[in-house]
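# Commentary on secondary and tertiary structure
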Amino acid sequence: MSRLASVFTFGGMDDRPFRLRRLMGMSLGLTYLFYPVSEVTDGTVSGARAVWWMVSLAAFVAVYLAVVLGPRDLEHHPRWMFPLLGVATVMGAVFPLIFQSTSWLALPVYLVVVYAMGLPPRRALLGLATMAVLVVAEGKLMGADDGTVWALVLQIATLGVLFMSVRNTRVLVVQLRQAQSEVARLAATEERLRIARDLHDLLGHSLSLIVLKSELARRLGEQGSPKAAGEVADIESVARQALAQVREAVSEYRRRRLSEEIDGARSALGTAGVALTVRTRGTPLPEDLDGLFAWAVREATTNVVRHSGATRCEIDVVYGEEGAVLEIADNGGGAYEPGNGLTGLGERVRAAGGSLEVEAGKWGFKVRVAVPPPLGRTAELIADRLGE
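Predicted model, so just to flag it, every value in this text is computed and none were measured.

Calculation notes
Residues numbered from 1 in each chain as written. Predicted model: local features only at pLDDT ≥ 70, side-chain atom pairs only at ≥ 80, totals over all residues. Heavy atoms only, no water. Pairing = 2+ DSSP bridges. Helix = DSSP H or I, 4+ residues; strand = E, 2+ residues; numbered from the N terminus. Axes fitted to C-alpha atoms, helices over the stretch in contact; angles between N-to-C directions. Contact = heavy atoms within 4.5 Å. Buried < 20%, exposed > 50% of the residue type's maximum accessible area, 1.4 Å probe, protein only. Core = buried A, V, L, I, M, F, W, Y, C linked by side-chain atoms within 4.5 Å.

### What about the sheet that holds strand 2 (residues 312-320)?
Strand order in the open sheet made by the five strands is 1-2-3-5-4, with mixed pairing throughout. Edge positions in the open sheet fall to strand 1 (275-282) and strand 4 (355-361), since each of these has one partner strand only. Taken over all neighbouring pairs, the strand axes of this sheet differ in orientation by 10° on average, direction set aside. Where strand 1 meets strand 2, eight bridges bridge the pair, whose relative direction is parallel. Directly across from R281, in strand 2, lies its bridge partner V318. Contacting strand 1 and strand 2, helix 10 (residues 258-271) crosses the sheet at an angle of about 160° to strand 1.

The following block contains the structure:
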């Protein structure tokens, strides 16, 4: 469906209240037809001519109301709509000439309202110009005084511009509603992606640890070592913790903490036989950066356990005037292709205004997350230095 079609259908909602308001509003102008009616009631027109007079007037009103109650957008109309509009146009042009009365010159005014509300601006302006020329030409042919003719032309111009503005306002309102609906849809899509990314990060780490401990427990069990029971207990604990984390993540009750993730990484890497060294420098991290770095540590250590075959891992955290930097490096060799986890981490980092760098080689694998200081923090630092 095109944009204009959607503008006037409102997504298929019931438009009966709108049609009622439109009928009431556009029918108020029918009071202009008081003048041809008054010529019948005061005896100016009588006999058979009066009958044709009233029949013709009733026919025009019926066709006009049928057009008014038709589709809101004449560009997307049923097949009968344009012929009906053509009939109304012919009536408005011919009746003043047939009855030779200036009171019928008000009919083109009604047509202007229909054009302005139902047609796009260029076609509506063409209709307005045509009706204005028609009124002037027929007024001259019937010998109408210039004041009456130009008063009608002024009404055509003012009402045409007015109702074109009303139509444009309605178009803008509906486009705004569509934009709001699109924003809501995109927000829902982004939220689904965020939840999927969070679940991947949570379950990827926990399930990797469970697999690792399960393999260790199996080997210990085959050797008859009493440590196997302890590893099985650890598996149960990790599984329960993963379940709780998933529930909290979905409910958005849990915020990732860097200290918790470092403790979890130390446990996971220790089980995998990887020695972990952690260095922190600078002031404590703000809450948002703490959560971001926590996800980075989780994803990077999961990769170390799952892919690298490393024996040593280092985590370096720095936060100061130059911003925040997190580096996680291991000595695992071999090529590595980043998967969904690092892709999701990159999205998080870019959303925070930072950058993610991943380096892999024979010497090992390194993940570097850098986030510049916020503008407010930069201004404070500059002010402090100037004060010194």
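Moving on from the model shown.
### Let's talk about unusual backbone geometry
Although it is not a glycine, Q100 sits at a positive phi angle of roughly 50°. Note that Q100 resides in the loop between helix 5 (81-99) and helix 6 (107-118). In this structure Q100 comes out as partly exposed when scored by relative accessible area, which is 48%.

### Focus on the nonpolar core
Among the nonpolar cores identified, the biggest contains 46 residues, and F60, Y64, F95, W104 and M131 are the most heavily contacted of them. Every element with two or more residues in this core is listed here: helix 4 (47-68), helix 5, helix 6, helix 7 (121-142) and helix 8 (146-222). In terms of residue count, the dominant contributor to this core is helix 6 (10 residues). Counting residues in hydrophobic clusters, the runner-up holds 29 residues, among them I262, A310, L345 and V371.

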